[in-house]
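# Architecture and fold: a report
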Amino acid sequence: GQNIDQPTEMTATEGAIVQINCTYQTSGFNGLFWYQQHAGEAPTFLSYNVLDGLEEKGRFSSFLSRSKGYSYLLLKELQMKDSASYLCAVNRYGGATNKLIFGTGTLLAVQP
Amino acid sequence: DAEITQSPRHKITETGRQVTLACHQTWNHNNMFWYRQDLGHGLRLIHYSYGVQDTNKGEVSDGYSVSRSNTEDLPLTLESAASSQTSVYFCASSESTLTLEQYFGPGTRLTVT
């Protein structure tokens, strides 16, 4: 089967650093995505990891360990506009097709 | 600019009616997807298409159908709407089948009464 786990909610302070974890169990793993979704809006792409290690993109970084089935999204210098849901999604290869399997999302609240 | 649009943005319908949600993208992407998003479930795949005349069932396809007659459009039809289909529906498209970075439309909020 397949399972993706991430915390339901997190709270952090403006200017701080927060790490959002995602663990997964799936066959046919072919990479992991992080998406950001503000309330009432569409998800938008943040990062994609297919190899182990850390990918840095400005204030956001994403890490992947394939052997541990683990990823995290690191947000630095938090801003109020970072309050949103963060979705972890596994790219799963099955037969001739690839599909994204989404976790339920982590709702991050950034407080002043 | 290329984009992906959905219509209507909001829809209220009655149980048993047929409803079609439109999705249109101008990126010329071959791959298109329909998801529903519900509290506690995240995004769940309904149907997807990897090209014209190609359609495939996702994990929650019962009660839904799609057709792909051109590259730009993938309409989603609820054959006989049920209250359990009240949800927010997102359409997405991607250029690459391998990496599957998907671009999402703005969503349609559907209420079935």
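Quick caveat, the model's predicted, so the values are computed rather than measured.

### Focus: the interface of chain B and chain A
Between chain B and chain A, the residue contacts involve 19 residues of the former and 18 residues of the latter. For the pairing of chain B and chain A, the buried interface totals around 1600 Å² over both sides, and the portion due to carbon and sulfur atoms is 58%. Taken together, chain B and chain A are joined by zero salt bridges. At the surface where chain B touches chain A, the tally comes to two residue pairs in polar contact (both at pLDDT 80 or more). Every element with two or more residues in the side of chain B that touches chain A is listed here: strand E4 (31–38) and strand E5 (42–51) of chain B. The leading source of residues in the side of chain B that touches chain A is E5 of chain B, at five residues. Its residues assigned to classes, the side of chain B that touches chain A shows ten nonpolar, eight polar and one charged.

### Description of unusual backbone geometry
Residue Pro-8 of chain B follows Ser-7 of chain B across a cis peptide bond; omega there is -5°. In this fold, Pro-8 of chain B is placed in the loop between strand E1 (4–7) and strand E2 (10–13). The backbone of Glu-77 of chain A shows a phi angle near 45°, a positive value even though the residue is not glycine. With respect to the helices and strands, Glu-77 of chain A occurs in the loop between strand E8 (70–75) and strand E9 (84–94).

### As for the pattern of salt bridges
Side chains that differ in sign of charge can pair as their charged atoms come close. Taken as a whole and assessed by the stated rule, the structure comprises five salt bridges over all chains. A salt bridge links Asp-82 of chain A to Arg-59 of chain A, with the shortest nitrogen-to-oxygen separation between them at 2.8 Å. Of this pair, Asp-82 of chain A sits in the loop between E8 and E9 while Arg-59 of chain A is found in the loop between strand E6 (53–57) and strand E7 (60–65), placing the two residues 23 residues apart along the sequence. The class for Asp-82 of chain A is buried, based on a relative accessible area of 2%. Two residues, Glu-14 of chain B and Arg-17 of chain B, come together in a salt bridge whose shortest N-O distance is 3.4 Å. Where salt bridges share partners, they join Arg-36, Asp-38 and Arg-44 of chain B into one cluster.

### So, the layout of surface pockets
Volume-wise, the largest pocket comes out at about 700 Å³. In this structure, the largest pocket is lined by 28 residues; those nearest its centre are Gln-37, Gly-40 and Ser-85 of chain A together with Gln-37 and Leu-39 of chain B. The set of elements that each furnish at least two residues to the lining of the largest pocket consists of E9 of chain A together with E4, strand E9 (87–94) and strand E11 (108–112) of chain B. When residues of the lining of the largest pocket are assigned to their parent elements, the largest contribution, three residues, is made by E9 of chain A.

### As for the packing of aromatic side chains
The geometry of two aromatic rings is summed up by the distance between their centres and the angle between their planes. All names here are of chain A. Across all of its chains, the model carries 20 aromatic pairs over all chains by this definition. With a centroid separation of 4.6 Å and 10° between ring planes, the pair formed by Tyr-24 and Phe-29 is classed as stacked. Considering the side-chain rings of Tyr-35 and Phe-102, the 5.9 Å spacing of their centres and the 50° angle between planes classify their relative orientation as tilted. Taken as a pair, Tyr-35 in strand E4 (residues 29–37) and Phe-102 in strand E10 (residues 97–102) lie far apart in primary sequence, 67 residues in all. In this structure Tyr-35 comes out as buried when scored by relative accessible area, which is 0%.

Quick notes on the rules
Residues numbered from 1 in each chain as written. Chains lettered and ligands numbered in written order. Predicted model: local features only at pLDDT ≥ 70, side-chain atom pairs only at ≥ 80, totals over all residues. Heavy atoms only, no water. Contact = heavy atoms within 4.5 Å. Buried area = accessible area lost by both parts, 1.4 Å probe. Salt bridge = Lys/Arg side-chain N within 4 Å of Asp/Glu carboxyl O. Polar contact = N/O pair within 3.5 Å; in protein donor to acceptor, adjacent residues only side chain to side chain. Helix = DSSP H or I, 4+ residues; strand = E, 2+ residues; numbered from the N terminus. Nonpolar A, V, L, I, M, F, W, Y, C, P; charged D, E, K, R; others polar. Buried < 20%, exposed > 50% of the residue type's maximum accessible area, 1.4 Å probe, protein only. 1 Å grid on protein atoms, 1.4 Å probe; cavity = no way out; pocket = protein on both sides within 12 Å on 5 of 7 lines; lining within 4 Å. Points joined across faces, edges and corners; volume = space filled by probe spheres on them. Phe/Tyr/Trp six-rings, centres within 6.5 Å; stacked < 30°, edge-to-face > 60°.

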